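Fold and geometry: a report
As a plain string of letters, each chain reads:
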Amino acid sequence: MLNKINGMNPEAQRQIFGLTPAELKTLLEELGQKPYRANQLCQAIYNQRVTSIEEVTVFPSSLREQLIEAGYRVGLPEIVQAARSVDGTERYLMRLADGETVETVWMPDGDGGERGDGSDASLEEEAVDGLEGNVSEFADAPGSGRSKPDLRNVGALELKGYRRATICISSQVGCAVNCQFCLTAKLGIKRNLTAGEIAGQVAAVLNRHKIKIGKDRINLVFMGMGEPFLNYDSFIRSVELLVKQIGIPESRMTVSTSGIEPAIRRFAHEPLRPKLALSLNASNDRIREEVMPITRKWNIAQLLEAVKTLPLGKREWVTFEYVLLGGVNDQPEHAREVLDLLKGLRAKVNLIVWNPGPGIAYTQPKPEDVAIFQKMLIDAGMPAYIRRPRGRDIYAACGQLKRTVDLPEAAPLVAIEPAATPPV
Ligand code: SAH
Ligand code: SF4
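In short, a report on the structure. On a predicted model such as this, the values are computed, not experimentally measured, just so you know. (Residues numbered from 1 in each chain as written. Chains lettered and ligands numbered in written order. Predicted model: local features only at pLDDT ≥ 70, side-chain atom pairs only at ≥ 80, totals over all residues. Heavy atoms only, no water.)

1. Overview of the overall build of the protein
Helix and strand content of the protein: 14 helices and 12 strands. Counting only carbon and sulfur atoms, one obtains 50% of the accessible surface of the protein, whose full area is about 17,600 Å². (Helix = DSSP H or I, 4+ residues; strand = E, 2+ residues; numbered from the N terminus. Areas by Shrake-Rupley, 256 points an atom, 1.4 Å probe, with all protein chains shown as cover.)

2. Concerning the pattern of salt bridges
Within the structure shown, the criterion is met by 14 salt bridges. Ionic pairing is found between Asp-340 and Lys-343, a salt bridge with its closest N-O pair at 3.3 Å. With a shortest N-O distance of 2.7 Å, Lys-375 and Asp-379 are connected by a salt bridge. Remark: Asp-379 and Lys-375 occur in helix H14 (residues 367–379); sequence separation between them is 4 residues, near one turn of the helix. Here Lys-375 matches Asp-379 in class, with each residue exposed. (Salt bridge = Lys/Arg side-chain N within 4 Å of Asp/Glu carboxyl O. Buried < 20%, exposed > 50% of the residue type's maximum accessible area, 1.4 Å probe, protein only.)

3. Some details on the site of ligand 2
Lining the immediate environment of ligand 2, one finds Cys-175, Val-177, Asn-178, Cys-179, Cys-182, Ala-185, Gly-226, Glu-227 and Ser-258. The site holding ligand 2 turns out to be the largest cavity. Of the residues contributing to the shell around ligand 2, the split by class is 5 nonpolar, 3 polar and 1 charged. (Near = heavy atom within 4 Å. 1 Å grid on protein atoms, 1.4 Å probe; cavity = no way out; pocket = protein on both sides within 12 Å on 5 of 7 lines; lining within 4 Å. Sits in = over half its atoms within 2 Å of the grid points. Nonpolar A, V, L, I, M, F, W, Y, C, P; charged D, E, K, R; others polar.)

4. Some thoughts on the pairing of strand E7 (residues 217–222)
Burial analysis of E7 places 5 of its 6 residues in the buried class, which makes it a mostly covered element. Relative to E7, strand E4 (residues 164–168) runs parallel, the two being bridged by 5 bridges. Each bridged residue has a counterpart across the sheet, and for Cys-168 the counterpart in E7 is Val-221. For E7 and strand E8 (residues 253–257), the ladder comprises 3 bridges, and the chain directions are parallel. Bridge pairing in E8 places Phe-222 opposite Val-255. Considered for its hand, the β-α-β crossover made up of E7, helix H9 (residues 232–246) and E8 is right-handed. (Pairing = 2+ DSSP bridges. Right-handed = clockwise from strand over helix to strand, strands pointing away.)

5. Topic: unusual backbone geometry
A negative phi holds for most residues other than glycine; trans holds for most peptide bonds. Positive phi is not limited to glycine here, since Arg-49 has a value of about 55°. Note on Arg-49: relative accessible area 10%, which makes it buried. Of note, the phi angle at Lys-210 is positive, near 50°, even though the residue is not glycine. Relative to the assigned elements, Lys-210 resides in the loop between helix H8 (195–208) and E7.

6. Looking at the packing of helix H2 (residues 21–30) against helix H3 (residues 35–47)
Running from N to C, H2 and H3 point in directions that differ by 125°, and their axes come no closer than 8 Å. Here H3 runs oblique to H2, going by the angle between their axes. Of the two possible hands of crossing, H2 and H3 adopt the one that is right-handed. Of the residues in H3, those in contact with Pro-21, Leu-24, Lys-25 and Leu-28 of H2 are Pro-35, Arg-37, Ala-38, Leu-41, Cys-42, Ile-45 and Tyr-46. Among the residues forming the contact of H2 with H3, the class breakdown is 9 nonpolar, no polar and 2 charged. (Axes fitted to C-alpha atoms, helices over the stretch in contact; angles between N-to-C directions. Parallel < 35°, antiparallel > 145°, perpendicular 65-115°, else oblique. Left-handed = near helix turned anticlockwise from the far one by under 90°. Contact = heavy atoms within 4.5 Å.)

7. Description of the nonpolar core
Grouped together as the largest cluster of nonpolar side chains are 123 residues, with contacts concentrated most on Leu-24, Phe-181, Phe-229, Phe-320 and Leu-377. Counting contributing residues, this core receives three or more from each of domain 1 (2–69) and domain 2 (78–394). (Core = buried A, V, L, I, M, F, W, Y, C linked by side-chain atoms within 4.5 Å. Domains from an automatic or database assignment.)

Listed below in structure tokens is the structure:
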């Protein structure tokens with residue numbers, strides 16, 4: 001039965017994590033079990049987030065054994081290596097059932113990428129900005145007996161009883177798109193991830209940090225390795241699992257695409273739709289073809305037409321990511337072209353200072369060019385944010401995910417204890 005469901009590599013075929021409630025029901029029925037057992041299993045793998053069938057203690061041991069003997073396993077990706085940045089970001093190497101690996105990143109306090117897109121995450125960013133400015137209001141309340149905390153260390157929201165973080169997940173092993181500035185592109189494409197593997201990265205990280213869904217505020221970005229819109233069905237299925245089973249609302253999710261035009265149009269019709277970010281990265285087709293050869297297939301005008309079909313919510317903006325490459329796309333004339341392109345769109349721009357990688361022949365933009373670029377957009381009424389680079393020292397920043405094992409010595413591989421929870 002699971003052959004039909006997953007239809008992919010044999011190792012993945014008996015993984016339970018990733019199955020929908022209906023599929024769990026079929027699986028247990030085939031083992032002669034009543035439907036309520038499916039609810040129990042669903043609860044155990046998605047709410048309790050158990051990592052082995054032995055932990056499904058609500059099942060009699062005979063049923064657990066039956067499942068194990070039939071070859072079933074929960075099948076969460078396993079964190080086999082972790083590196084922690086000075087800024088608290090953690091990068092994980094995750095091993096999948098067939099031995100392939102992908103990377104996943106945990107960013108305490110988010111990466112700021114959601115600012116201004118109208119999502120729950122962006123409203124919270126703004127709230128935190130206010131909170132950090134006004135901390136004395138509650139930290140020094142009369143009789144509290146608390147001294148003013150160092151918010152850079154503890155995180156303002158922890159004082160309010162919850163934590164906030166963004167998890168960046170991968171959708172493919174490698175990537176086929178071949179953007180010239182991106183380290184992931186160097187891997188080529190190995191395979192698509194299943195929905196269970198995409199959502200499973202989230203569950204593994206939530207477990208590591210002992211996150212309580214419903215209390216802690218977790219945002220997800222589909223911005224790790226791979227092009228989510230070239231693994232469309234699994235991506236959408238993973239969104240469904242993450243929303244309906246794990247309990248993270250789609251308003252806290254953002255998917256980034258390099259611009260797969262037919263998939264953007266399809267995405268516009270999805271009932272459960274994360275926010276969209278389009279990697280624009282150039283101000284005209286000539287430059288974009290050079291840095292993102294996929295532009296020859298779908299040019300900027302075609303992508304923008306597709307983006308216009310998105311039914312935006314009242315407070316929703318489309319994010320355009322723009323990686324600034326020194327001397328290539330970071331000059332005032334480029335800013336003017338970007339403004340022309342995005343005229344009339346409910347858009348905001350996330351400027352990303354290019355993160356270097358070995359064997360990639362671009363240079364970082366000059367800080368003054370970045371500042372001028374941003375100011376030109378803002379002065380013309382276009383919201384523009386400079387994305388804070390997170391975890392650059394451990395190769396966890398945008399476009400630096402390549403798989404720890406392949407990285408040069410320059411990237412420190414700090415093996416850290418499995419259950420560590422850094423200050424958030
Ligand atoms: N494949 C998708 C999502 C993953 S890449 C996409 O391309 O949109 C996430 C973001 O990182 C994209 O906006 C991409 O343009 C950017 N990026 C890639 N390499 C980068 C690098 N070396 N420095 C900074 N940003 C980079
Ligand atoms: Fe793939 Fe995105 Fe990297 Fe381009 S930027 S190669 S689409 S991961």
